[in-house]
Amino acid sequence: MSSIELMSPGMLKKMREACALAADTLVMISGHIRPGVTTDHINTLVHDYTLAHNALPSPLGYRGFPKSVCTSLNEVVCHGIPGPRVLVDGDIINVDITSTYPVKRGFHGDNSATFYVGEPSPEARKIVEVSRRCLEIGVEQVRPGGRIGDIGAAIQEYAEAQGCSVVRDYVGHGIGRSFHMPPNVPHFGQRNTLQRMTPGMVFTIEPMINIGGYECEVLADQWTVLTRDRSLTAQFEHTVAVTREGCEVLTQRQGLLNHSEDVPWADLGPLTCAHAYARLRAA
Ligand code: MF3
Ligand code: CO
Ligand code: CO
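These figures come from a predicted structure and were not determined experimentally.

Caption draft 1: Focus on the site of ligand 1. Every one of the 14 residues lining ligand 1 counts as a neighbour, but Pro-59, His-173, His-180, Glu-206 and Glu-237 are closest to it. Glu-206 is positioned such that a nitrogen or oxygen atom in its side chain is 2.7 Å from an oxygen atom of ligand 1. The separation between an oxygen atom of ligand 1 and a polar side-chain atom of Glu-237 is 3.0 Å. Relative to its free-state accessible area of 340 Å², ligand 1 is covered by the protein chains to the extent of 97%. Residues belonging to the shell around ligand 1 are distributed by class as follows: six nonpolar, four polar and four charged.

Caption draft 2: Looking closely at the packing of helix H1 (residues 9–30) against helix H2 (residues 39–52). Interhelical geometry of H1 versus H2 gives an angle of 140° and a closest axis separation of 10 Å. Here H1 lies oblique to H2, going by the angle between them. Considering the relative orientation of H1 and H2, their crossing is right-handed. Counted together, Leu-21, Asp-24, Thr-25, Met-28 and Ile-29 of H1 and Ile-42, Leu-45, Val-46, Tyr-49 and Thr-50 of H2 form the full contact between these two elements. Residues that form the contact of H1 with H2 fall into these classes: seven nonpolar, two polar and one charged.

Caption draft 3: Spotlight on the pairing of strand E2 (residues 70–73). Taking every second residue as pointing to the same face, both faces of E2 are buried, with Cys-70 and Ser-72 on one and Thr-71 and Leu-73 on the other. In the sheet, E2 pairs with strand E4 (residues 92–100) via four bridges, with the strands oriented antiparallel. Each residue of the ladder has a partner; that of Leu-73, found in E4, is Ile-93.

Caption draft 4: Looking closely at the nonpolar core. Formed by 51 residues in total, the largest nonpolar core has its most connected members in Val-95 and Phe-203. Of all elements in the fold, only H1, H2, E4, strand E5 (108–116), helix H3 (122–140), helix H4 (148–161), strand E9 (202–205) and strand E14 (238–242) reach the threshold of two or more residues within this core. Examining the composition of this core, we find that eight residues originate from one element, H3, more than from any other. In contact with Val-95, not counting residues within four places along its chain, are Leu-26, Ile-29, Ile-33, Ile-42, Val-69, Cys-70, Asn-111, Ser-112, Ala-113 and Phe-115. Listed in part, the ten residues of the second largest apolar core include Met-15, Phe-107, Ala-241 and Leu-250.

Caption draft 5: Quick look at the sheet that holds strand E3 (residues 76–78). Pairing is antiparallel across the open sheet formed by three strands, whose spatial order is E3-E12-E11. Looking at which strands have only one partner, the edges of the open sheet turn out to be E3 and strand E11 (216–218). On average, adjacent strands in this sheet sit at an angle of 40° to one another, irrespective of strand direction.

Caption draft 6: The sheet that holds strand E10 (residues 208–210), seen in detail. Spatial ordering of the open sheet is given by E6-E10-E13, a layout of three strands whose pairing is antiparallel. The open sheet has two free edges, formed respectively by strand E6 (165–166) and strand E13 (233–235), since each of these has just one partner strand. Here E10 pairs with E13 via three bridges, running antiparallel. Paired with Met-208 across the two strands is Gln-235, which belongs to E13.

Caption draft 7: Structural detail: unusual backbone geometry. The omega angle of the peptide bond from Pro-182 to Pro-183 is 5°, so this bond is cis rather than trans. Mapped onto the elements, Pro-183 comes out in strand E8 (residues 181–185). Look at Asn-54: it is not a glycine, yet its phi comes out positive at around 60°. With respect to the secondary-structure elements, Asn-54 resides in the loop between H2 and strand E1 (56–57). Relative accessible area serves as the criterion here: at 60%, Asn-54 is assigned to the exposed category.

Conventions and cut-offs
- Residues numbered from 1 in each chain as written.
- Chains lettered and ligands numbered in written order.
- Predicted model: local features only at pLDDT ≥ 70, side-chain atom pairs only at ≥ 80, totals over all residues.
- Heavy atoms only, no water.
- Near = heavy atom within 4 Å.
- Polar contact = N/O pair within 3.5 Å; in protein donor to acceptor, adjacent residues only side chain to side chain.
- Areas by Shrake-Rupley, 256 points an atom, 1.4 Å probe, with all protein chains shown as cover.
- Nonpolar A, V, L, I, M, F, W, Y, C, P; charged D, E, K, R; others polar.
- Axes fitted to C-alpha atoms, helices over the stretch in contact; angles between N-to-C directions.
- Helix = DSSP H or I, 4+ residues; strand = E, 2+ residues; numbered from the N terminus.
- Parallel < 35°, antiparallel > 145°, perpendicular 65-115°, else oblique.
- Left-handed = near helix turned anticlockwise from the far one by under 90°.
- Contact = heavy atoms within 4.5 Å.
- Buried < 20%, exposed > 50% of the residue type's maximum accessible area, 1.4 Å probe, protein only.
- Pairing = 2+ DSSP bridges.
- Core = buried A, V, L, I, M, F, W, Y, C linked by side-chain atoms within 4.5 Å.

Given below as structure tokens:
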């Protein structure tokens, strides 16, 4: 196992800058999610915004990835490639944005959210709200002295109690001068396993949660990951740092994301699907 780099205060300052741009870009994009928009347009908006801020989109050219952002619709788990596909009413779409300031020694900030296009179905609401909560639960586990396995254990317990499944094939990751580095951060597993969390560790938490089975398959394009049963899937991602006090969410946003965090019942704190369905039935 290769070792985990711990960040000095100076490195963390640069990480904060990259993460703040990635978060701002996600907020910017949230205002453009609507029926009729193509995923290529989302790519252009992310690309241009990033360059206008003297930064680079980390996905572009990464292991041959052809675009500047990942756009993953409905049954696409992750790594969707932007193209001519037009967003339609009822879609859900994850937009995954990673930014780096090359002149500031190339620290990467990585975050994503899933958005509702128009009016979501109850199933779409369920999977998006469960995956949103899974990220919150994962972040709540981050503290010095805890173990990386605590994160996945807590996420898996909640997701499966909600009748959903947790993707195994893709995991969170250490991040810093490299886009992906140790440690792996699974979103499933057992407490008191894997590495001990130490102040200065920086990694992503990015649970991919399926409404059906957890199995995935990759399309012939070598990138697009689908649920094997073609069930709906959703994902949220933050980059976090372990601090002496607990956790700093480096990609924390200032305001609410449009078309995701602004749905009427999505800001109720520890919302369960049971609560969501009760509210829907009562409405
Ligand atoms: N941003 C993704 C992650 O969360 C990785 C995308 S790799 C790319 O780790 F090449 F598809 F961009
Ligand atoms: Co990402
Ligand atoms: Co990531």
